[in-house]
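# Secondary and tertiary structure notes
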Amino acid sequence: MNETAPCSLPAHVLRQKLDKQELSSRSLVEAFYRRIESVEGKVHAYNTLTKDVALTQADQADQLIAKGESGPLTGIPIALKDNLCTKGIRTTCSSKILENFIPPYDATVVEKLRKAGAVFLGKTNMDEFAMGSSTENSAFEKTANPWDLACIPGGSSGGSAAAVGADEAVMALGSDTGGSIRQPAACCGVVGMKPTYGRVSRFGLVAFASSLDQIGPLTHDVRDAAILLNAIGGHDPRDSTSVDMPMPDLIGTLNENVAGLKIGIPKEYFIEGIDSEVGAALESAIEHYRKAGAEIKAISLPHTDYATATYYVLATAEASSNLSRYDGVRFGLRIQEAKDLLEMYSESRRLGFGSEVKRRIMIGAHALSSGYYDAYYKKGQQVRTLIKNDFDEAFKSVDVILTPTAPTPAFKMGEKLDDPLTMYLCDIFTISANLAGLPAISLPCGLTSNHLPIGLQLIGRPFDEAGVLSTAYAFEQQHDFHERRPEDL
Ligand code: GLN
């Protein structure tokens, strides 16, 4: 094995090597930091590297492994999106306003990973406060797509997707409010899954739009997604939206059998304007499922057209409320030169927030203001119900819904930066699953002639993560897209 070879392996393969003691967690972690050192100058996936923490965790993991006490994640190096609170480790949300914020506690998912013996390599770059689809809204570095450094990695979990795609982490956590796990996963050729709303505790996730946010895995393959989701999911009394249901065994139920499975193809998702190579890859994926014995059914989700507008009313409204806590008083940036309290508030926010975040706060505050509330926020909630009803209706006749993850592969950096509306359209296929609270996965299903990854999205019934994962696994196991890596990184 060459020096960085273990870095491209999924966690379930590394597990065997670690348990057989062919490899120690410490040597694995060291290999990852060598890999990071060699490519990070080009990719910029991380805001913060936590090598000291990682080596300590690796040594503890090695002791457990030696005693035969390992679990699926013991000693596995993981990257964390920089909006997940990590005790004693800077958590910035890629915003100047939180540039020096060190949380006094761990998010529940972080605490669970610590207990599972995982190793934290660092915190990954993102669009500021998770608002964006390209990671270009970070107040810090611009993360590059490992497949083409001139392209964006997607967003907002672009750092997490790029870290896994560039073999700078075995797996990563991201958050998904309107597509922020799935769209970057598609751009970077990795698997990304948004669980059902309520499946994973959001305690300690810095809130963007609380009725939509979910935390989920970004991994090399479907089995790893099941492993990571199994580790972070389940009820948490500290998040009242987390559902009090036992976490199913997503690993044991993983299977390739799709015979008789009813897969719905919504006509509203196969529209003009989709990139032709994306369209062709999707057609051949559908054909694959048909040949494997699935029943392919045309369906309609008639309110799809309203999803983006609805999302941008509701998400901005919730964001304007959530982000009011950054006032320079309790945490984050505080401007010292202000002449009075009001100026301190407004200057801290003016200098601390980037322009996209300000735009969203203004749109959201407007949507919630008296006189406009009924026309925007209330109307948005009503349309959200219609969108959810479309899915309820569809799931009476199909088990899972198949769509592209994004209408195009990764685009060039800078291309959409001055045009927020085109940027917002990156999420037309991912947003509805958030509005309806449904589990959805993106997995690699092709490469364009320019060697850019293409993503396939599968959306399932509420809490049917097992069905979504197995449907994805059935495709993955017959293809090698998950094993491809960017060639000239
Ligand atoms: N790209 C979408 C937005 O800008 C979704 C972001 C997300 O899921 N966090 O809001």
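Scope of this entry: the structure provided in the associated data block.

About the thresholds
- Residues numbered from 1 in each chain as written.
- Predicted model: local features only at pLDDT ≥ 70, side-chain atom pairs only at ≥ 80, totals over all residues.
- Heavy atoms only, no water.
- 1 Å grid on protein atoms, 1.4 Å probe; cavity = no way out; pocket = protein on both sides within 12 Å on 5 of 7 lines; lining within 4 Å.
- Points joined across faces, edges and corners; volume = space filled by probe spheres on them.
- Nonpolar A, V, L, I, M, F, W, Y, C, P; charged D, E, K, R; others polar.
- Axes fitted to C-alpha atoms, helices over the stretch in contact; angles between N-to-C directions.
- Helix = DSSP H or I, 4+ residues; strand = E, 2+ residues; numbered from the N terminus.
- Parallel < 35°, antiparallel > 145°, perpendicular 65-115°, else oblique.
- Contact = heavy atoms within 4.5 Å.
- Buried < 20%, exposed > 50% of the residue type's maximum accessible area, 1.4 Å probe, protein only.
- Pairing = 2+ DSSP bridges.

## Brief notes about the layout of surface pockets
For the largest pocket, the calculated volume is near 350 Å³. Together, 21 residues line the largest pocket, and I271, P407, L425, I428 and F429 are the ones closest to its centre. Here the lining of the largest pocket is composed, by residue class, of eleven nonpolar, six polar and four charged. Considered as a void within the structure, the second largest pocket measures approximately 260 Å³ in volume. In terms of lining, the second largest pocket is formed by 15 residues, of which the most central are C85, Y105, L205, V206 and R325. Classifying every residue of the lining of the second largest pocket by side-chain character gives ten nonpolar, one polar and four charged.

## Section: the packing of helix α2 (residues 25–43) against helix α3 (residues 51–66)
At a minimum axis distance of 8 Å, the contact between α2 and α3 shows a crossing angle of 155 degrees. Judged by the angle between their axes, α2 and α3 are roughly antiparallel. Two secondary-structure elements touch here, α2 through S25, R26, V29, E30 and Y33 and α3 through K51, A54, L55, A58, D59, A61 and D62. Of the residues in the contact of α2 with α3, the class split is six nonpolar, one polar and five charged.

## Some details on the pairing of strand β11 (residues 453–460)
Summarising burial for β11: eight of the eight residues are buried, a large majority. Of the two faces of β11, the one lined by P453, G455, Q457 and I459 and the one lined by I454, L456, L458 and G460 are each fully buried. Examined bridge by bridge, strand β9 (residues 400–404) and β11 share five bridges and lie antiparallel to one another. For V400, the partnering residue across the bridge sits in β11 and is G460. Sheet analysis places strand β10 (residues 440–447) next to β11, joined by seven bridges and oriented antiparallel. The partner of L443 across the bridge, within β11, is L456. As consecutive antiparallel partners, β10 and β11 are separated by five residues, and within that stretch H451 has a phi angle of approximately 60 degrees, a positive value.

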